[in-house]
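# What the coordinates show
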Amino acid sequence: MQDRIRNVLTAHGRMAVDPREVDDQADLYELGLTSHASVDVMLALEDAFDVEFPDEVLKKSTFASVHNIAQVVEDLVKTSV
Amino acid sequence: MITAPGEVDGRRVRVGCDVVEVEDVQHTLATFGDRYLRKVFTAGEINDCRGSNRLHRLAARFAAKEAVIKAFAEPDMSFPWHEIEVTRDGPLPLLRLSGTLAERAQHRGWLSSSLSLSHADCHAMAVVVVVCSPTESE
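Please read these numbers as outputs of a predicted model, since none were measured by experiment.

This paragraph deals with the overall build of chain A. Assigned secondary structure in chain A consists of 3 helices and 0 strands. Element order for chain A, N to C, with α for helix and β for strand: α-α-α. Within chain A, contacts between residues separated by at least 24 positions form 59% of all contacts whose residues are at least 6 apart in sequence.

Take a look at the structure:
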C-alpha cells in the first residue's frame, strides 16, 4: 500500500523531494506538501483505492506522513468492503 | 502561515492567514474538474467565482478556508471544507461557519470575524481575524 501512496504523492504532491525516497514517518509538510496539494493527493487516493475521504479524516495530521496516510487509507479500504 | 493568539481590551484575538498559488488551483481543476470544486467549495462559492478571475477567486477562497483552520490552531481537528464558506456583503467578503466547525467556534468563544482576500497574478491570499470572548466555554 505504501508504494501506491508514494506513487500518488509523486504524481500529485508537487513536493520538492521524491516521495518514494522519504521515510514513512517524515513530515510531508516540511518536505514541501502544501495544503492545496494535499487536496490533489486526497482526490487521487480516492481514485487509486476506490474510497472516499469522509469529513472526519480531513485533518492536517492525515496527510502529515506516508505512515499516517496509509493508516487512514487502510481503514477506509476496510470499511468500504 | 501564522497564527498569533493575543488579547485586545480583555478579549482574545485569533489570526489566521494563508497564501495559495493560482497555478495550483488551475492544475487541480484541470486534473479533477468538478469533483474538486464540489469537494472543497460550496455551491454559493462556486457560483460567486463564475466569470472573470475565476481561478483567483477560487484560490482566495481556499486560502480563506486554510486561514480559518489556522485561526483554530488545532492541527488534529477535522476541517470539513464546506463548513467554512466565504459569502459576500456587497464588495465585502464574509466568513460563515456551519455544522461542527460552527459549534467548535462557539465553544472556543468566537464572537465575530473579519475576512480580507487579495490576489496578484500568481497568488491569492486571505487573512482572518477573530474576536473571542475572554474565556472558552469548554
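Now that the structure has been shown, the text picks up again.
Ala59, Ala63, Ala64, Ala67, Val68, Ala126 and Val128 of chain B are the most contacted members of the largest nonpolar core, which has 50 residues in total. Once residues lying within four places of it in the same chain are set aside, the contact partners of Ala63 of chain B are Asp18, Val19, Val20, Ala124, Met125 and Ala126 of chain B.

On to unusual backbone geometry. The backbone phi angle of Asp50 of chain A is positive, close to 55 degrees, even though this residue is not glycine. Positionally, Asp50 of chain A belongs in the loop between α2 (35-49) and α3 (66-80). If you check the backbone angles, Asn53 of chain B has positive phi at about 60 degrees while not being a glycine. Looking at where Asn53 of chain B falls in the secondary structure, it is placed in the loop between α3 (43-48) and α4 (54-72). Since 13 C-beta atoms lie within 10 Å of it, Asn53 of chain B is described here as partly exposed.

Time to look at the packing of helix α1 (residues 22-32) of chain B against α4 of chain B. All names here are of chain B. Interhelical geometry of α1 versus α4 gives an angle of 105 degrees and a closest axis separation of 9 Å. Classified by the angle their axes make, α1 and α4 are roughly perpendicular. Contact residues: α1 offers Val22, Val25 and Gln26, while α4 offers Leu55, His56, Leu58, Ala59 and Phe62. Looking at the contact of α1 with α4 residue by residue, the classes come out as 6 nonpolar, 2 polar and no charged.

Of all residues in chain B, 92% attain a pLDDT of 70 or more, and the chain-wide mean is 90. What the predictor reports for the complex is a pTM of 0.90 with an ipTM of 0.88.

Residues and elements named next belong to chain A. Running from amino to carboxyl end, helix α1 (residues 2-12) crosses α2 at an angle of 135 degrees, the nearest separation of the two axes being 9 Å. Relative to α2, the element α1 is oriented oblique. For α1 against α2, the interelement crossing comes out right-handed. Counting all contacts with α1, which are made through Arg4, Val8, Leu9, Ala11 and His12, the residues of α2 involved are Ala37, Asp40, Val41, Ala44, Leu45 and Ala48. Of the residues contributing to the contact of α1 with α2, the split by class is 8 nonpolar, 1 polar and 2 charged.

Chain B puts 17 residues into the contact, and the matching count from chain A is 13 residues. Those elements giving two or more residues to the side of chain B that touches chain A turn out to be α1, α2 (34-40) and α4 of chain B. The residue inventory of the side of chain B that touches chain A, partitioned by class, reads 9 nonpolar, 3 polar and 5 charged.

Quick look at the pairing of strand β4 (residues 92-97) of chain B now. Residue and element names in this part refer to chain B. Relative to β4, strand β3 (residues 84-89) runs antiparallel, the two sharing 6 bridges. Paired with Asp89 across the strands is Leu92, a residue of β4. Between the end of β3 and the start of β4, which pair antiparallel, lie 2 residues, with Gly90 showing a positive phi angle near 65 degrees.

Let us now look at α3 of chain A. In an α-helix there are 3.6 residues to a turn, and that puts residues three or four apart on one side. Residues and elements named next belong to chain A. Over its 15 residues, α3 extends 21 Å from the first C-alpha to the last, a length consistent with the 21 Å expected when each residue adds 1.5 Å. Taken together, the buried positions of α3 are occupied by Val66, Ile69, Val72 and Val73. End-on, the buried residues of α3 take up no more than an arc of 135 degrees, which puts them together on one face. In α3, those exposed residues whose orientation departs by more than 90 degrees from the buried face are Asp75, Lys78 and Thr79. If you follow the buried residues of α3, they end up packed against α1 and α2.

Below, the discussion takes up the confidence of the model for chain A. With 99% of its residues at a pLDDT of at least 70, chain A reaches an overall mean of 93. Highest mean pLDDT in chain A belongs to α2 of chain A (96); lowest belongs to α3 of chain A (93).

On to α2 of chain A, then. Given a rise of 1.5 Å per residue, 15 residues ought to cover 21 Å, and the 21 Å separating the end C-alpha atoms of α2 of chain A matches this to within 8%. For α2 of chain A, the complete set of buried residues consists of His36, Ala37, Ser38, Val39, Asp40, Val41, Met42, Leu43 and Leu45 of chain A. Its buried side turned inward, α2 of chain A meets α1 and α3 of chain A together with β2 (11-21), α1, α2 and α4 of chain B. The first or second residue beyond α2 of chain A is Asp50 of chain A, which carries a positive phi of 55 degrees.

About the thresholds
Residues numbered from 1 in each chain as written. Chains lettered and ligands numbered in written order. Predicted model: local features only at pLDDT ≥ 70, side-chain atom pairs only at ≥ 80, totals over all residues. Helix = DSSP H or I, 4+ residues; strand = E, 2+ residues; numbered from the N terminus. Contact = placed C-beta atoms within 7 Å. Core = buried A, V, L, I, M, F, W, Y, C linked by C-beta atoms within 7 Å. Buried ≥ 20, exposed ≤ 12 C-beta atoms within 10 Å, placed from the backbone. Axes fitted to C-alpha atoms, helices over the stretch in contact; angles between N-to-C directions. Parallel < 35°, antiparallel > 145°, perpendicular 65-115°, else oblique. Nonpolar A, V, L, I, M, F, W, Y, C, P; charged D, E, K, R; others polar. pLDDT = per-residue confidence, 0-100. Left-handed = near helix turned anticlockwise from the far one by under 90°. Pairing = 2+ DSSP bridges. Expected span 1.5 Å × (residues − 1). Arc of directions from axis to C-beta.

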